[in-house]
Amino acid sequence: MSSHSGEPNSFLEDKNNEYSISYYDYFTTEECTGFGWDLSNHTQDDLQPCTVNSTEFLVLTLIIQPIVAVLGILGNVAFMFIVWKEPHMRNNMNLILLNLAVADLLYLLVGVGEKFVNSVTSPVSGDCTVFGRVGQCFIINPLISVASFTSLFLVSFFSFERYVAICTPMKHLLINGRKRTFYHIGLVWFSSFALTAIILPTYSDFSTVCIKWPNETLYSNYPTQAAFCETQTDIWIPVGEMVEIFAFFIALLLNVVCFVKITSKLYGRKQFSFGGTPVYEDDPVRAQHRNSAHAATRMLLINGIAFFVLATPFHLTSAIEFAEHIFSDWIFPCTFYKDLSVTLLYVNSAVNPYIYGVTNQFYRQAYRNMLCQKLPNRNPNNADVT
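Criteria and thresholds
Residues numbered from 1 in each chain as written. Predicted model: local features only at pLDDT ≥ 70, side-chain atom pairs only at ≥ 80, totals over all residues. Heavy atoms only, no water. UniProt positions renumbered as here; feature names shortened; annotations may be inferred. Helix = DSSP H or I, 4+ residues; strand = E, 2+ residues; numbered from the N terminus. Salt bridge = Lys/Arg side-chain N within 4 Å of Asp/Glu carboxyl O. Buried < 20%, exposed > 50% of the residue type's maximum accessible area, 1.4 Å probe, protein only. Disulfide = S-S within 2.5 Å. Axes fitted to C-alpha atoms, helices over the stretch in contact; angles between N-to-C directions. Left-handed = near helix turned anticlockwise from the far one by under 90°. Contact = heavy atoms within 4.5 Å. Nonpolar A, V, L, I, M, F, W, Y, C, P; charged D, E, K, R; others polar. Core = buried A, V, L, I, M, F, W, Y, C linked by side-chain atoms within 4.5 Å. Patch = residues over 30% accessible without salt bridge, like charges linked within 9 Å, V, L, I, M, F, W, Y side chains within 5 Å. Areas by Shrake-Rupley, 256 points an atom, 1.4 Å probe, with all protein chains shown as cover.

The protein carries the name Neuropeptides capa receptor in an unreviewed UniProt entry, which gives Holothuria leucospilota as its organism. In UniProt, the protein has this text filed under Sequence similarities (unreviewed entry): "Belongs to the G-protein coupled receptor 1 family." Regarding the protein, the relevant UniProt record gives this comment under Subcellular location (unreviewed entry): "Membrane".

Participant: What is the right way to look at the environment of Leu-109 in this model?
Facilitator: Within the secondary structure layout, Leu-109 lies in helix H3 (residues 92–121). A C-alpha to C-alpha distance of 9.1 Å links Leu-109 and Val-70, two positions 39 residues apart in sequence.

Participant: Looking at this structure, I do not really get the pattern of salt bridges. What am I missing?
Facilitator: Two side chains that carry opposite charge are able to pair once their charged atoms sit near each other. Within the structure shown, the criterion is met by 2 salt bridges. The salt bridge partner of Glu-114 is Lys-115, with a shortest N-O separation of 3.7 Å. The burial state of Glu-114 is the same as that of Lys-115; both residues are buried.

Participant: Honestly, the state of the cysteines in this entry has me stumped. Any pointers?
Facilitator: Linking two cysteines covalently through their sulfur atoms gives a disulfide. Applying the stated criterion to the full structure yields 1 disulfide. Covalent S-S linkage joins Cys-137 and Cys-229, the inter-sulfur distance amounting to 2.0 Å. Of note, the bridge from Cys-137 to Cys-229 carries an S-S torsion of about -95° and is left-handed in sense. Of this pair, Cys-137 sits in helix H4 (residues 132–167) while Cys-229 sits in strand E4 (residues 225–230); the two residues are 92 residues apart in sequence, bridging distant segments of the chain. Judged by relative accessible area, Cys-137 falls into the buried class, the value being 0%. Judged by its relative accessible area of 1%, Cys-229 is buried. Here Cys-167 is not cross-linked by a disulfide; its sulfur's nearest cysteine counterpart is in Cys-258, at 8.2 Å. With relative accessibility at 16%, the residue Cys-167 sits in the buried group. Judged by relative accessible area, Cys-258 falls into the buried class, the value being 3%.

Participant: Explain the environment of Phe-314 to me, please; I cannot follow it from the model alone.
Facilitator: Of note, Phe-314 is situated in helix H8 (residues 284–326). Phe-314 sits in the buried class, given a relative accessible area of 7%. With 31 residues separating them along the chain, Phe-314 and Leu-345 place their C-alpha atoms 7.6 Å apart.

Participant: Would you take a moment to explain the packing of H4 against helix H6 (residues 178–199) for this structure?
Facilitator: Two measures define how a pair of helices packs: the angle their axes make with one another and the distance between the axes. The interhelical angle for the contact between H4 and H6, taken along N-to-C directions, is 140°, at an axis separation of 8 Å. Read as a crossing pair, H4 and H6 show a hand that is right-handed. Residues Pro-142, Ser-145, Val-146, Phe-149, Thr-150, Phe-153, Leu-154, Phe-157 and Glu-161 of H4 form the contact with H6, whose own contacting residues are Arg-180, His-184, Ile-185, Val-188, Trp-189, Ser-191, Ser-192, Phe-193, Leu-195, Thr-196 and Ile-199. A breakdown of the residues in the contact of H4 with H6 according to their chemical character gives 12 nonpolar, 6 polar and 2 charged.

Participant: Honestly, the nonpolar core in this entry has me stumped. Any pointers?
Facilitator: Here is a general trend for soluble globular proteins: nonpolar side chains tend to be buried in one another's company. Phe-79, Leu-97, Leu-152, Tyr-356 and Tyr-363 are the most contacted members of the largest nonpolar core, which totals 62 residues. Secondary structure elements with two or more residues in this core: helix H2 (55–85), H3, H4, H6, helix H7 (236–267), H8, helix H9 (336–359) and helix H10 (361–372). With 13 residues, the top contributor of residues to this core is H4. Those residues in contact with Leu-97, other than ones at most four positions away along the chain, are Phe-79, Phe-158, Met-299, Tyr-356 and Tyr-363.

Participant: How should a nonpolar patch on the surface be read in this particular structure?
Facilitator: A contiguous nonpolar patch, built from Val-59, Leu-62, Ile-63, Ile-64, Ile-67, Val-70, Leu-71, Leu-74, Phe-116, Val-120 and Tyr-354 and spanning about 930 Å² of accessible area, is present on the exposed surface. Residue assignment for the nonpolar patch shows that the elements contributing at least two residues are H2 and H3. The element that contributes the greatest number of residues to the nonpolar patch is H2, accounting for 8 residues. With respect to the helices and strands, Leu-62 occurs in helix H2. The exposure class assigned to Leu-62 is partly exposed, which follows from its relative accessible area of 31%.

So this is what it looks like as structure tokens:
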């Protein structure tokens, strides 16, 4: 689910071959000598949005994405504060959601922050000169990858946990525990770092290019150099895309299976088995446990559906670009749709805490208590629900 900046957009030829931009032109200007882009014979329409940041792109990166980031940071920090402040909130389910909040917070801070800075400091699309080789290629891009993989895996782990708890409650009672939860959370973070290490060669080479702009007043203050995090060998481009695409769609399939089985188990019968004992409508205590389980599971379903609905457009775009590398005749143009799909990823990382509050009364009450600065109602139903 990652979206890296500091990568040059592909320069494409139109259907009639009316224009083309060659990366390997060699020329000399007053400020720069070397390989680069000779854009002197191109129009503004040729250069946007693949070479120069478009107005639509700037609206997204300078206005909409920062607003999303602020809301997401506030929401995730509030959730983390609640779990940290109140010991009774530190159950296994909330520990998973706490780590999801950390991953989402990291994704918003690093992803939106670097796009904002890069867009302000350079009009060239993908230019990461301001952060340099180490900052962009070996810190920012890997952190974005780690955060996106971690969010994906934690959502899937959460879905699987609810599936085991709802569909096989006795088994869940036997295996569920704090040590097991910490182990799987640690495994998620380790797997995210491991996959990031695998795809690191796709953006580890810091490349600087010279740019010769059209002789127009509009471009008089444009930079004559731009830098990007690229791959040293083209083989790593489809490899990196394939890892991200397969990880996402495998997780999507797993979550769909879990959602279907959970929904069938909960809503396909009139009674709910709690610890192996049937719960009936006339049993108020167990009915309350059942309602708590329904609330937690409803929150999971809505959160999971929102996650994959918001993330799928970006990964479909990545799948098309992957197909372009496999089938060279395919051309995927630089479009506003791709920039919008990246914005949806940030919405994805921002929306989770708000979903908790809207869909679950216990989280709603916890938020109210935090805002009103009073002790929360220590309802026993805040404990892990199986």
